[in-house]
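Architecture and fold: a report
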Amino acid sequence: MKNYAILGAVALAATSVSAQAAPTVSFAGGSGATAAGTTVFQNFDSFADGSTLPGGTGALALGSSGGNGARPAYGSTGNFGSVLGSGTWTVNFGATSIFSFVLGSLDTYNTLTLHFADNSSLTYIGGQIINDLSFPSGSQISGETNGVVSYNANGGPLITGATFTSSSNSFEFDNLARAVPEPATWALMILGFGAIGGAMRRRRVSVAYAA
C-alpha cells in the first residue's frame, strides 16, 4: 500500500510539473500584427512561388493559392507556407521563450508539434493549436481561424523548433517569429565582445633576434 501511495505521489508530481511547463497559448484572431516582444525570422519571401520548403515533404512556399492552400486572411503578404495533405515541415531556431506565427484557415486535421530545449515535445491538434475546440474549421475569412497564435514557454523549457503537419490540404502559415533577446542577454553579448577586444589589444608580439 505504501508503495502505491509513493507511486501515486510521484505521478501527481510529474503531472504538476508537466502542467506548469506547458506553454501558454494566445490567439489574436483577426489580427496580423507581430506578437509583442517578437521579431519575424521567416516570411518565406526568399523562396520562389511554388517551391518546396526544405526540412519536410509536401510543404510549399506559395505566393498564390493555386489549389494548394489559401493565404492567411490577416498579416500575410508575399509568400506564405503551406503543408499539403500527408505533408510535414519542421523549422528549427535558437532557443526562445516565445514562438509565434500568422495562422490561416485552421482545420481540424492540422497538427503543430513544438520542440523544446530539453528534447521533449508537445503536440497540438486542430483547435488545440489556438486553445479553442469550437472554432469554425477551415474558414478562410473568419477571425476565429485566421490570426496570430503565440506560445510562451511560461518558465518551462525554451522552444527550439516546430513541426507543421496536415492529413489533408492544407496547413497555412506565415511570418514565423521568436522572442527578441532580453536586455540582459544583449548586455552579456556586448560584455563578451568587449572582453575579446580587450584581450586582443593586450596581446603583444614578441620578436626574437638571432645572436
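Bear in mind the structure is a predicted one, so any value in this text is a computation, not a measurement.

Membership of the largest hydrophobic core comes to 28 residues, with the highest contact counts inside it found for Trp-89, Phe-99, Phe-101, Tyr-151 and Phe-164. Broken down by secondary-structure element, the contributors of at least two residues to this core are strand S4 (56-62), strand S5 (80-96), strand S6 (98-104), strand S7 (110-116), strand S9 (147-152), strand S10 (159-166) and strand S11 (171-179). Here this core takes 4 residues from S5, the largest share from any one element. Trp-89 has contacts with Phe-44, Leu-53, Pro-54, Gly-55, Gly-56, Ala-59, Val-83, Ala-162, Thr-163, Phe-164, Phe-173 and Leu-176, leaving out every residue within four places of it along the chain.

With respect to the helices and strands, Asp-107 occurs in the loop between S6 and S7. Buried charge without a salt bridge: Asp-107, with Arg-71 as the nearest opposite-charge side chain at an N-O distance of 16 Å. Not counting residues within four places of it along the chain, the set of residues in contact with Asp-107 comprises Gly-126, Phe-135, Ser-137, Gly-138 and Ser-170.

For the rest of this paragraph, the subject is the pairing of S7. Where burial is concerned, most of S7 is hidden: 6 out of the 7 residues are buried. The sheet contact formed by S7 and S10 spans 7 bridges and is antiparallel. Its bridge partner being in S10, Leu-112 is matched across the sheet by Phe-164. Across 5 bridges, S7 lies against strand S8 (residues 121-125) in antiparallel orientation. For Thr-113, the partnering residue across the bridge sits in S8 and is Thr-123. Connecting S7 to the next strand, S8, in antiparallel fashion are 4 residues, including Asn-119 with a positive phi near 70°.

Another aspect to go through is the environment of Asp-45. Among the secondary structure elements, Asp-45 is positioned in the loop between strand S2 (38-42) and strand S3 (51-52). Judged by its relative accessible area of 40%, Asp-45 falls in the partly exposed class. Residues Asp-45 and Asn-175 lie 130 residues apart in sequence; the distance between their C-alpha atoms is 9.8 Å. Other than its neighbours up to four places away in sequence, Asp-45 contacts Thr-77, Gly-78 and Asn-79.

With that settled, consider the confidence of the model for the protein chain. As a note on interpretation, predicted positions should not be read in detail where pLDDT is low. Mean pLDDT for the protein chain: 85, with 76% of residues reaching 70 or above. Here residues 1-20 is modelled with pLDDT under 50, and outside its nearest four sequence neighbours on either side it reaches 1 contact, counting other chains as well.

Quick look at unusual backbone geometry now. In this chain, Asn-169 is followed by Ser-170 through a cis amide linkage whose omega measures -5°. Structurally, Ser-170 is set in the loop between S10 and S11. For Asn-119, which is not glycine, the phi dihedral falls at a positive 70°. With respect to the helices and strands, the residue Asn-119 is situated in the loop between S7 and S8. Classification of Asn-119 by relative accessible area gives exposed; the value is 75%. Of note, Asn-175 is a non-glycine position whose phi angle comes to about 45°, a positive value. Mapping Asn-175 onto the fold places it in strand S11. Under the relative-accessibility criterion, Asn-175 is labelled buried at 16%.

Criteria and cut-off values
Residues numbered from 1 in each chain as written. Predicted model: local features only at pLDDT ≥ 70, side-chain atom pairs only at ≥ 80, totals over all residues. Heavy atoms only, no water. Core = buried A, V, L, I, M, F, W, Y, C linked by side-chain atoms within 4.5 Å. Buried < 20%, exposed > 50% of the residue type's maximum accessible area, 1.4 Å probe, protein only. Helix = DSSP H or I, 4+ residues; strand = E, 2+ residues; numbered from the N terminus. Contact = heavy atoms within 4.5 Å. Lys, Arg positive; Asp, Glu negative; His and termini not counted. Salt bridge = Lys/Arg side-chain N within 4 Å of Asp/Glu carboxyl O. Pairing = 2+ DSSP bridges. pLDDT = per-residue confidence, 0-100.

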